[in-house]
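Summary of structural features
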Amino acid sequence: MEEFRKISILGVGLIGGSLALAWKRAKADIHITGFASPETLEKAKRRGAVDSLAASVQDAVRDADLVVLASPVSNILATIPKISGYLKAGAIVTDVGGVKAAITERAAEEFSDDVYFIGGHPMAGSEREGIEAADPFLFQNAVYVLCPPPNLPDGLFRQFASLIDCTGARILLLQPDVHDQIAAAVSHLPQMLAVALINMVGNENENDSRFLQLAAGGFRDLTRIASSPFGMWSDILETNTEFIKKAIDKFIELFQEYKENLDSEKLPAIDRAFQEARRLRDSIPRDTKGFLQPLVDVFVQVEDRPGVISEISTALYRENINIKDIELLKIREGTGGTFRLSFESESIADRAAAIINSVGHEAFRK
């Protein structure tokens, strides 16, 4: 099969629209057909995300080399049987849903043996929604999970992986159930915890309004995701129920252990838990396995004055060094803070640290 020329995207919102813009930017010769509401499609065409508009999902997928299902999980599950009889032999279908096992199982049931489904989950998003928020750079440096089937020809997968790679994302291969188990622990459980924590404090606030008056700083950061609308989560909670329940049970068991260790004679156990948590938290940027290329961190201590970040980024830009990720680790009011800058390799990180030091800022690697 030749390189993908005809791509159909069903659902041209934030994720589908961003994929379209990224691919149009990287490969001017591809033709993208979009399916969504008429209003969304017109906006997508004005933005240059799609070349043609389809009136139905069946019309959208005819003759497509690649079909992207870029809608909520329940809609993806409903769409798969609707398009199964309209796909050409050798076509690839992928999705962007946050749950993988239920979707890949439905695809295996509905698609013929000469149509290949690759489950996908780009770990990228935005506070905004819709085609208006679509961004061709949304996926740069983001993890993009792929769940290829065992019968997928190597050549087809390489072509598809190349298409994902040109968005700037970093591919990680996982089995669907492994993805869902991990997502339950690192994404779905934290959402439930944030909702529970803010509601617990809210209940206390009904009797004493000072609870929420003082709920700033770390509490506000910890519960930020509690603002997510339920509509974004209902499909995930419904289709990944068992793994989420298991994650909640494990958390309750560990939290009960912490509760029992709050007695003064058992506090050393809490001390060890704090130390282990810090060690694990510090290891996250460098401890990812599989096909994800780990980034190399440089820590920069800066003073609190305008233009500091611009000085650092400009110095690196002049030496053609790209910052892959940036995070503010801590801030000291009036004095400055510490940033973590991540780079593609150790040699680039060493060069970056030397350049940052040369312009008068303290940079070091751990």
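A quick note: this is a predicted structure, and the numbers were derived from the prediction, not measured.

Attention now goes to the confidence of the model for the chain. In the predicted model, the chain carries a mean pLDDT of 89, and 94% of its residues have values of at least 70. This model gives residues 286-292 a pLDDT under 50, and the stretch forms 13 contacts once residues within four places in sequence are excluded.

Now for the nonpolar core. The biggest cluster of nonpolar side chains holds 39 residues, and the ones touching the most others in it are Ile 7, Ile 9, Trp 23, Leu 66, Val 68 and Ile 92. Counting residues per element, the ones that place at least two in this core are strand E1 (6-10), helix H1 (14-26), helix H2 (38-46), strand E4 (66-69), strand E6 (116-122), strand E7 (143-147) and helix H6 (154-165). Setting aside residues no more than four positions away along its own chain, Trp 23 makes contact with Ile 7, Ile 9, Ile 30, Ile 32, Leu 66, Val 68, Leu 163, Ile 164, Cys 166 and Thr 167. One finds Ala 60, Val 73, Leu 77 and Leu 87 within the second-largest nonpolar core, a separate group that totals 20 residues.

For any two aromatic rings, the description comes down to two numbers: the centre-to-centre distance and the angle of the planes. In the structure shown here, the tally under the stated rule is four aromatic pairs. With a centroid separation of 6.3 Å and 50° between ring planes, the pair formed by Phe 139 and Tyr 144 is classed as tilted. The class for Phe 139 is buried, based on a relative accessible area of 0%. A relative accessible area of 1% places Tyr 144 in the buried class. Taking 5.9 Å as the distance between ring centres and 25° as the angle between the ring planes, the aromatic pair formed by Phe 299 and Phe 364 counts as stacked. Placement of the pair is Phe 299 in strand E9 (residues 296-303) and Phe 364 in strand E12 (residues 362-364), with a sequence separation of 65 residues. The exposure class of Phe 299 is buried, given its relative accessible area of 6%. Residue classification places Phe 364 among the partly exposed positions, given a relative accessible area of 28%.

Glancing now at the packing of helix H4 (residues 73-83) against helix H5 (residues 101-110). For the pair H4 and H5, the least separation of the axes is 9 Å and the interaxial angle reads 5°. On the basis of their axis angle, the class for H4 and H5 is roughly parallel. Listed contacts from H5 to Val 73, Ile 76, Leu 77, Ala 78, Ile 80 and Pro 81 of H4 are Ala 102, Ile 103, Arg 106, Ala 107 and Glu 110. Among the residues making up the contact of H4 with H5, the classes are represented as nine nonpolar, no polar and two charged.

Turning next to a nonpolar patch on the surface. Where nonpolar side chains cluster on the molecular surface, the patch consists of Val 178, Ile 182 and Val 186 and spans about 240 Å² of accessible area. Residue placement: Val 186 occurs in helix H7 (residues 176-205). Accessibility expressed as a relative area gives 60% for Val 186, which makes it exposed.

Conventions we followed
Residues numbered from 1 in each chain as written. Predicted model: local features only at pLDDT ≥ 70, side-chain atom pairs only at ≥ 80, totals over all residues. Heavy atoms only, no water. pLDDT = per-residue confidence, 0-100. Contact = heavy atoms within 4.5 Å. Core = buried A, V, L, I, M, F, W, Y, C linked by side-chain atoms within 4.5 Å. Buried < 20%, exposed > 50% of the residue type's maximum accessible area, 1.4 Å probe, protein only. Helix = DSSP H or I, 4+ residues; strand = E, 2+ residues; numbered from the N terminus. Phe/Tyr/Trp six-rings, centres within 6.5 Å; stacked < 30°, edge-to-face > 60°. Axes fitted to C-alpha atoms, helices over the stretch in contact; angles between N-to-C directions. Parallel < 35°, antiparallel > 145°, perpendicular 65-115°, else oblique. Nonpolar A, V, L, I, M, F, W, Y, C, P; charged D, E, K, R; others polar. Patch = residues over 30% accessible without salt bridge, like charges linked within 9 Å, V, L, I, M, F, W, Y side chains within 5 Å. Areas by Shrake-Rupley, 256 points an atom, 1.4 Å probe, with all protein chains shown as cover. Salt bridge = Lys/Arg side-chain N within 4 Å of Asp/Glu carboxyl O.

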